[in-house]
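So you can see what is in the structure, the chains are spelled out below.
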Amino acid sequence: MNRTETEPVSGLATKLLDGVDVVQTASSITPAVVRRALDLAGQMARQLGARVHVDEHFATGPGFASRGKVPITGGLTPWLEANSDCFVLMGGAREAQQAMPDQRATVLLSADPLASEATLFAESGLADLLGDPDRAPLIPRGDYGAGTVAYAVLAALCGLVALRRRQGGTAVARVDAVGVLSWVNWKAAAAGDLGKDLHREGSNAEWPVIPCRDGYVALVYVERDWPGIVAMVGDERLADARFESFAGRQRHRSEVLKIISAWAATRSKAELNDLFLEHGIPAAPVMTPEDLLRDPLLAHRSAFLPEITDSQTETRSPRLAHRIVAASPEAFPLHQGALGLPLSGVRVLDLGIITAGAGVSALLADLGADVLKVESHSYPDPLRQWAGQKVSPLFKCNNRNKYGIALDLKDEQDRARFLALVADADVVVENFRRGVLDRLGLGYEVLKAANRAILLASISGQGADGPGSHASSFGSTLEASSGFSSCVSYADGVPFITGRNVNYPDQTVVLYAAAVIVAALSQPRRGLHLDIAQRDVAVYLLGETLEALATGSTGHPRDNGQAYRCGDGGWVAVSFAGSLPATKASLPDWFAERTSEQALAALTAQSVSATRVCSGSEMYAALKKRGSGTFAHGPDGALVKGFPFQFDEQPMRIRLKSPAVGEHTDVFCQP
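Source: prediction; values computed, not measured. (Residues numbered from 1 in each chain as written. Predicted model: local features only at pLDDT ≥ 70, side-chain atom pairs only at ≥ 80, totals over all residues. Heavy atoms only, no water.)

Asker: Please give an account of the overall build of the chain that cites residues and values.
Answerer: Looking only at helices and strands, the chain has 26 helices and 24 strands in total. Rg of the C-alpha trace for the chain: 24 Å, near the compact-globule value of 26 Å for 671 residues, within the 12% margin. Principal-axis analysis of the C-alpha atoms gives the chain an extent of 70 × 65 × 55 Å. Looking at the 671 residues of the chain, the share that counts as buried comes to 61%. Taking as baseline every contact in the chain between residues at least 6 positions apart, the subset at least 24 positions apart corresponds to 74%. Here the chain has roughly 25,100 Å² of accessible surface; of this, 51% comes from carbon and sulfur atoms. Once the 65 positive and 74 negative side-chain charges of the chain are each reduced to a mean point, those two points are 2 Å apart. (Helix = DSSP H or I, 4+ residues; strand = E, 2+ residues; numbered from the N terminus. Rg over C-alpha atoms; globule rule 2.2 N^0.38 Å. Buried < 20%, exposed > 50% of the residue type's maximum accessible area, 1.4 Å probe, protein only. Contact = heavy atoms within 4.5 Å. Areas by Shrake-Rupley, 256 points an atom, 1.4 Å probe, with all protein chains shown as cover. Lys, Arg positive; Asp, Glu negative; His and termini not counted. Charge placed at Lys NZ, Arg CZ, Asp CG, Glu CD.)

Structure below.
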């Protein structure tokens, strides 16, 4: 991708929140996972240009999450009185009464008093999708729970900044930690609502993880890729007619995997990655944190920045997951509308499909934007008929609150009609394969000619350019290549991916991309082309581990706990922080001697962080009982994704059902 007018691009990535003051505050009873999420959100805000201040419950110094923050001296209350325009990130236990800063723009993050990474993954149902069905559910190591919540906090913060800058308003945004992880697990909730609970599939998963000479690879592919796999492996046995269809390969799964596994076992991850690229297969090696520091694509993207540690040693820290690759040189006045939702008055043209693109524009719609989903009758969003369904409930989840426009962008007349829409729009969101928009004649330069202030958000698996960036990928491809899968394993080290049931990076990029787009819309240099990489969103959450490795440490992502089977057959996830009722070695017997209810009562009495591992339907039922807005119903009664955060004064709501292809073309397009 060629940069144009590069002078204004320099440094813009760190200035989207320029002039914003943020303060992090907590209390002595704030759960550690909540403090960690606020620390990560505050660090991202700092890297976006905000000045971040912290009270005594947060550290400052050269560590990854605390770097560059300023300690508050003289007490929080006097500081707030002297800094009336600041934005507050406040953490607390869900049951505690929070002393809300009077008339402050505040993000309030809450969780159960004993919340932890283990309980977030268990209560949200995500743990029930990780691992082997014959073994315990898995809790990822590291900061994936806190980090995902941090992305939601950042999006809420950017919403408050937009409200202040665009409308002069203020609000309180509430984020529930387990609600965010449940929102990520929306496919399980949708299935559970239909009486079809999803569970971990392990070695029976559609996309298996298989060993190779120096590690593992995730064999991710779809039906159209099978001929490429046959050609790549070069074993005539795979050409057997029994294996030509998906159903046939499932019936003879062990035979197919035996052939492919024998082929992979003699090759390294690097060799296999080259072969995947050569044959257009969306599979990927399972990268370890050590691999990431040596990765040529991440090096090309300058994904790691030099930093100085406590001992004055230089290390490398992950950079935020977006790049500004082009910009219009002038500033544009901000919309000044009546007080409403943060993006009231903003128009978004949505070229996004499946989850990563369509999910981002859905969250922008929730924040008040008018979103026009642009498809054609010959190429609708593939999620409309996912898994052979006539109208997939998954499509409804990502596309409520939108209008439907039918335009064939390969047709000259329809392309002109699209550019007419661009002239009156603020944002174009797309997640096509790299190069598709340019080949359609709708690259950033063309869009900018139609509207100098247009913001083009290009969301991709691995970024706009660099070695291997144009490779086909799915969310689970990126779980493998980002280091996530290496943090999800039993003691034997065999990694797992979430597969179609979650595709974790597809969900987290929605939160991050929406945050960055909202921040960009809230400052005058809005004519931008944003390059947002899903893989980089996941890599960022390994920050401390990558910093430690860069200085020669052998540190590994933190072990957050484990799930144990109780005597009644239920699973209970327990954090390894705190005073356990038995040694780790004897914990399996301790749980087996008790029912789930008995085990949880005993653990809670000792202030140990633990909870039942929920299925998708149990998670959904618990949130519904609590009155959470994590899931909602559209005007047509369909269960859809709700909101990862909510505003007190002007709540987000589901205004529109998901549109039919072209349902509103005549309303918005000239004949």
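Asker: Residues and numbers for the confidence of the model for the chain, please.
Answerer: The pLDDT averaged across the chain works out to 92; a share of 95% of its residues lies at or above 70. Note on residues 1-8: pLDDT is under 50 here. Beyond four places in sequence and across chains, it has 21 contacts. (pLDDT = per-residue confidence, 0-100.)

Asker: Which residues make up the sheet that holds strand β19 (residues 562-565), and what are the values?
Answerer: One open sheet holds the three strands; their spatial order is β19-β20-β21, and the pairing between them is antiparallel. Either end of the sheet is taken by a strand with one partner, and the two such strands are β19 and β21 (610-612). This sheet shows a mean twist of 25° between the axes of neighbouring strands, independent of strand direction. Here β19 pairs with strand β20 (residues 571-574) via four bridges, running antiparallel. In the sheet register, Gln562 faces β20, and the bridge partner there is Val574. On the sheet, helix α24 (residues 596-605) packs against β20 and β21 and is oriented at approximately 160° with respect to β21. (Pairing = 2+ DSSP bridges. Axes fitted to C-alpha atoms, helices over the stretch in contact; angles between N-to-C directions.)

Asker: Requested: an account of unusual backbone geometry, with residues and values cited.
Answerer: For Ile354, which is not glycine, the phi torsion reads 55° and is therefore positive. Of the residues examined, Ile354 reaches a relative accessible area of 23% and is grouped as partly exposed. Located in the positive-phi region is Ser607, a residue other than glycine, with phi close to 60°. Given the relative accessible area of 51%, Ser607 is considered exposed.

Asker: Would you mind going over the environment of Ala538 in detail, with residue names and values included?
Answerer: Within the secondary structure layout, Ala538 lies in helix α21 (residues 534-540). The class for Ala538 is buried, based on a relative accessible area of 5%. Along the backbone, Ala538 and Gly483 are 55 residues apart, and their C-alpha atoms lie at a distance of 7.7 Å. Excluding anything up to four places from it in sequence, Ala538 contacts Tyr144 and Ser482.

Asker: Please give an account of the packing of helix α2 (residues 32-47) against helix α5 (residues 144-167) that cites residues and values.
Answerer: Where α2 meets α5, the closest approach of the two axes is 8 Å, and the angle between their N-to-C directions is 50°. Here α2 lies oblique to α5, going by the angle between them. Regarding α2 and α5, the two cross each other, and that crossing is right-handed. On α5, the residues that touch Val33, Arg36, Ala37, Leu38, Leu40, Ala41, Met44 and Ala45 of α2 are Ala146, Gly147, Val149, Ala150, Tyr151, Val153, Leu154 and Leu157. (Parallel < 35°, antiparallel > 145°, perpendicular 65-115°, else oblique. Left-handed = near helix turned anticlockwise from the far one by under 90°.)

Asker: Could you give an account of helix α6 (residues 177-184), naming the residues involved and the relevant values?
Answerer: In terms of residue burial, α6 counts as a mostly covered element, since eight of its eight residues are buried. Taken together, the buried positions of α6 are Ala177, Val178, Gly179, Val180, Leu181, Ser182, Trp183 and Val184.

Asker: Could you give me a rundown of the packing of aromatic side chains, with the residues and numbers involved?
Answerer: Inspection of the entire model under this criterion finds 13 aromatic pairs. A centroid spacing of 4.9 Å and a plane angle of 80° characterise the contact between Trp590 and Phe591, whose relative ring orientation is edge-to-face. Its relative accessible area of 0% is what places Phe591 among the buried residues. Linked through ring pairs, Phe121, Tyr144, Phe484 and Tyr504 together constitute an aromatic cluster. Sitting over the ring of Trp183, Lys641 keeps its end group 4.5 Å from the ring centre. (Phe/Tyr/Trp six-rings, centres within 6.5 Å; stacked < 30°, edge-to-face > 60°. Lys NZ or Arg CZ within 6 Å of the ring centre and 35° of its normal.)

Asker: Account for the side chain of Ser476, naming residues and giving values.
Answerer: In this fold, Ser476 is placed in helix α19 (residues 475-481). Judged by relative accessible area, Ser476 falls into the buried class, the value being 0%.

Asker: I'd like to hear about the environment of Leu623, residue by residue, with values.
Answerer: As for its placement among the helices and strands, Leu623 is situated in helix α25 (residues 616-626). Spatially, the C-alpha atoms of Leu623 and Val574 are 21 Å apart, while their sequence positions differ by 49 residues.

Asker: Break down the sheet that holds strand β12 (residues 322-327) for me, with residues and values.
Answerer: Judged by pairing direction, the sheet is mixed, and its seven strands sit side by side in the order β12-β18-β17-β16-β13-β14-β15 without closing on themselves. In the strand order of this sheet, the two ends are held by β12 and β15 (402-406), each with one partner. Shown here is a sheet whose adjacent strand axes are inclined to one another by a mean of 20°, direction ignored. Bridge analysis of strand β14 (residues 370-375) against β15 gives five bridges, and the strand direction is parallel. When the bridges of β15 are listed, Leu372 appears paired with Tyr403.

Asker: Talk me through the state of the cysteines; I want residue IDs and the actual numbers.
Answerer: The final tally for this structure, using the stated rule, is zero disulfides. Free cysteine: Cys614, not disulfide-bonded; nearest cysteine sulfur from Cys566 at 13 Å. Accessibility expressed as a relative area gives 11% for Cys614, which makes it buried. (Disulfide = S-S within 2.5 Å.)

Asker: I'd like a description of the side chain of Gln523, backed by residues and values.
Answerer: Mapped onto the elements of the fold, Gln523 is located in the loop between α20 (504-521) and β18 (528-533). Separated by 2.8 Å, the side chain of Gln523 and the backbone oxygen of Ala520 make a polar contact. For Gln523, the side chain forms a polar contact with the main-chain oxygen of Arg525, separated by 2.8 Å. Once residues within four sequence positions are removed from consideration, Gln523 is found in contact with Leu16, Arg165, Leu334 and Leu528. (Polar contact = N/O pair within 3.5 Å; in protein donor to acceptor, adjacent residues only side chain to side chain.)

Asker: Tell me about the packing of helix α8 (residues 226-233) against helix α11 (residues 269-279), and name the residues and values.
Answerer: With their axes 10 Å apart at the nearest point, α8 and α11 run at an angle of 130° to one another. The orientation of α8 relative to α11 falls into the category oblique. Crossing of α8 against α11: the hand is right-handed. Between α8 and α11, the residues in contact are Gly228, Ala231 and Met232 and Leu275, Phe276 and His279, respectively. Its residues assigned to classes, the contact of α8 with α11 comprises four nonpolar, two polar and no charged. (Nonpolar A, V, L, I, M, F, W, Y, C, P; charged D, E, K, R; others polar.)

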